[in-house]
Structure formats: structure tokens, C-alpha cells
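Overview (structure and organization)
In case you want the letters, here they are:
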Amino acid sequence: MGIRAIVVDTAGTTTDLDFIHNVLFPYSVKALPEFLERNQQNVLVDNCICDVRDIALEPDASLQRVTEILQQWVAEDRKATPLKTLQGLIWKEGYAKGEFKGHIYPDFIDAIKRYTSQNVRVYSFSSGSAEAQAMLFGHSDAGDLNPMFNGHFDTRTGSKLDKQAYLNILNTISLKAKQVLFVSDRLEELKAASAAGLQVCQMVREDKVRTGDFRTIHHFDQLNFEQ
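Residues numbered from 1 in each chain as written. Predicted model: local features only at pLDDT ≥ 70, side-chain atom pairs only at ≥ 80, totals over all residues. Heavy atoms only, no water.

With that settled, consider the overall build of the protein. If you tally the helices and strands in the protein, you get 8 helices and 6 strands. When the elements of the protein are put in sequence order from the N terminus, they spell out β-α-α-α-α-α-β-α-β-α-β-α-β-β. Over its C-alpha atoms the protein spans a radius of gyration of 18 Å, differing by no more than 12% from the 17 Å that the globule rule assigns to 227 residues. Along the three orthogonal principal directions, the C-alpha set of the protein runs to about 55 × 35 × 35 Å. Sorting the 227 residues of the protein into buried and exposed places 51% on the buried side. Sequence-distant contacts, at least 24 apart, represent 65% of the contacts inside the protein between residues at least 6 apart. When the accessible surface of the protein is summed, it comes to about 10,900 Å², and 48% of that surface belongs to carbon and sulfur atoms. (Helix = DSSP H or I, 4+ residues; strand = E, 2+ residues; numbered from the N terminus. Rg over C-alpha atoms; globule rule 2.2 N^0.38 Å. Buried < 20%, exposed > 50% of the residue type's maximum accessible area, 1.4 Å probe, protein only. Contact = heavy atoms within 4.5 Å. Areas by Shrake-Rupley, 256 points an atom, 1.4 Å probe, with all protein chains shown as cover.)

Written out as C-alpha cells, the structure is:
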């Protein structure tokens with residue numbers, strides 16, 4: 001039974017971690033106060049503000065306090081859904097203004113074209129929102145890559161460290177576990193996907209990446225599917 005779909009992680013796998021941490025995160029921190037002030041009446045933004053108060057156990061937190069909590073979560077790299085949603089909305093404005101382009105590794109840009117021609121479905125799975133992923137790939141150095149993706153998954157599917165999230169993905173894309181390959185740089189995610197029965201492969205782009213017993217590759221050129 002051959003591989004019918006590949007699910008790729010984003011940061012450290014398809015995009016440089018430095019782009020996320022040195023460009024996108026600081027931009028969202030700087031933009032948060034003005035963005036929340038301007039959009040607090042927006043239903044989605046208001047829901048996120050309420051969720052932040054709930055998660056922080058501060059039901060009466062002012063808008064300024066909510067902003068401080070969110071900025072602290074960015075510093076901690078918290079995977080909180082309201083933060084990821086708000087960051088996605090802020091980055092959308094940044095991409096639209098041409099403040100930055102989405103960094104994608106050139107070897108993945110070549111590979112996704114190859115996989116598409118081989119009729120292998122391609123999905124991304126990130127702790128960043130699905131919308132943020134669509135923007136990253138839609139405003140990439142190589143133009144809009146979204147038409148070559150079959151979908152984007154985020155924490156609404158479940159934690160990337162939880163086996164159930166990968167079972168949920170299988171259920172959504174209607175494939176057997178052995179037909180799906182998950183590629184990530186993080187061992188903990190690979191263990192969770194492997195526990196769900198998926199084929200797994202670790203992307204090791206830097207020497208400091210902690211490796212285990214899984215197959216490793218250094219770029220997507222090493223990953224081919226002959227159907």
C-alpha cells in the first residue's frame with residue numbers, strides 16, 4: 001500500500017523557525033494593542049478576548065490587560081487558540097500591506113509540485129491557525145502555493161502531541177493510517193503520529209535538532225513517492 005497523502009509540519013520543516021520567531025511573532029506583539037482597540041467590536045475578535053479572560057482566569061481583565069496576557073503568551077510561545085487566531089488576523093493585514101513574504105524552503109516548493117504531479121495529496125498541520133498557514137503558503141517567496149495543498153489543519157483538530165489529533169486527521173481525509181506520511185522536525189509530534197499508525201519521517205535541517213529512532217531526511221529532495 002503506497003503513500004497517498006503527506007502531512008507536513010510548518011516551522012522547522014517547510015518554513016524557517018527564524019521567520020516565525022524573528023519576523024511574524026514580533027510583528028504580532030507590536031500590532032496587538034492597536035489591532036484589539038480597533039477590532040474589539042468584531043465578533044471573532046470579541047470571542048478571542050473572552051477566551052483569553054477565561055484561560056487566564058481573569059474574567060474582568062481590561063482590554064489593556066488582555067493585550068499584556070497575549071503578549072506574554074507570545075513570549076512563552078503558548079499554543080493557545082485565541083492567540084493563534086488573533087495572530088492570524090494580524091498577519092493577514094501584514095501580508096496584505098506587503099510588510100513581509102512567507103518564507104518557504106526552496107526544496108519544499110520543488111517537492112510540493114512533484115507530489116502534486118504524482119497524485120499525492122498534501123496537507124499541513126501546525127499549531128498556528130489554518131488561516132495563518134494559508135497566508136504563509138499563499139504569500140510565499142514563490143507566490144501562491146495554496147492550490148497545491150489539499151487542506152490545512154491546526155489545534156482545532158487537537159494537540160500535535162496527542163495521538164487523537166492524527167486519528168482525527170485520518171478521519172477527515174478518509175485514508176488509512178499506513179497511506180499517510182507525517183513529516184516534522186519534532187520527535188514528540190512524530191511519536192504521537194506514529195502511535196496513531198501513520199508513517200513518519202523526521203526533518204533534520206539543523207544539527208541541534210534532537211533525533212530518535214525514526215527515519216530522518218535533511219530536505220524534501222530525499223522524499224519521493226513512486227506510485
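The description of two aromatic rings rests on the distance between their centres and on the angle between their planes. Enumeration over the complete set of coordinates arrives at 10 aromatic pairs. Seen in terms of ring centroids, Tyr95 and Phe100 are 4.8 Å apart; in terms of plane orientation they differ by 80°. Their pairing is edge-to-face. For the pair Tyr95 and Phe100, a shared accessibility class is recorded, and that class is buried. One aromatic cluster in this structure is built from Phe108, Phe137, Phe149 and Phe220. In this arrangement the basic side chain of Lys160 is found over the ring face of Phe125, its NZ or CZ atom lying 5.6 Å from the centre. Its guanidinium or amino end placed over the ring of Tyr105, Arg205 lies 3.7 Å from that ring's centre, counting from NZ or CZ. (Phe/Tyr/Trp six-rings, centres within 6.5 Å; stacked < 30°, edge-to-face > 60°. Lys NZ or Arg CZ within 6 Å of the ring centre and 35° of its normal.)

Pairing is parallel across the open sheet formed by 6 strands, whose spatial order is S3-S2-S1-S4-S5-S6. Only two strands of the sheet have a single partner each, and these edge strands are strand S3 (151-153) and strand S6 (216-217). Inspection of the sheet shows strand S4 (residues 180-184) paired to strand S5 (residues 199-203) by 4 bridges, in the parallel sense. For Phe182, the partnering residue across the bridge sits in S5 and is Val200. Each of strand S2 (121-125) and S3 touches helix H6 (residues 130-138); the most contacted strand, S3, lies at about 130° to it. Its contacts with the sheet place helix H8 (residues 187-195) against S4 and S5, and it is angled at close to 170° to S5. (Pairing = 2+ DSSP bridges. Axes fitted to C-alpha atoms, helices over the stretch in contact; angles between N-to-C directions.)

Of all hydrophobic cores here, the largest spans 53 residues; its most connected members are Ile6, Leu36, Trp91, Phe220 and Leu223. Listed in part, the 20 residues of the second largest apolar core include Ile173, Val180, Ala192 and Leu198. (Core = buried A, V, L, I, M, F, W, Y, C linked by side-chain atoms within 4.5 Å.)

In terms of burial, S4 is largely enclosed, as 5 of its 5 residues are buried. Two strands pair when backbone bridges link them, and strand S1 (residues 5-8) and S4 are joined in this way by 4 bridges, in the parallel orientation. Counterpart to Ala5 in the pairing with S4 is Val180. Each parallel crossover has a hand, and for S4 linked through H8 to S5 it is right-handed. (Right-handed = clockwise from strand over helix to strand, strands pointing away.)

On to H8, then. For H8, the set of buried residues is Leu187, Glu189, Leu190, Ala192 and Ala193. Considering only its buried residues, H8 is in contact with helix H7 (163-173), S4 and S5. Two residues or fewer after H8 comes Gly197, characterised by a positive phi angle close to 100°.

Interpretation note: all reported values are geometric properties and have no functional meaning in isolation.
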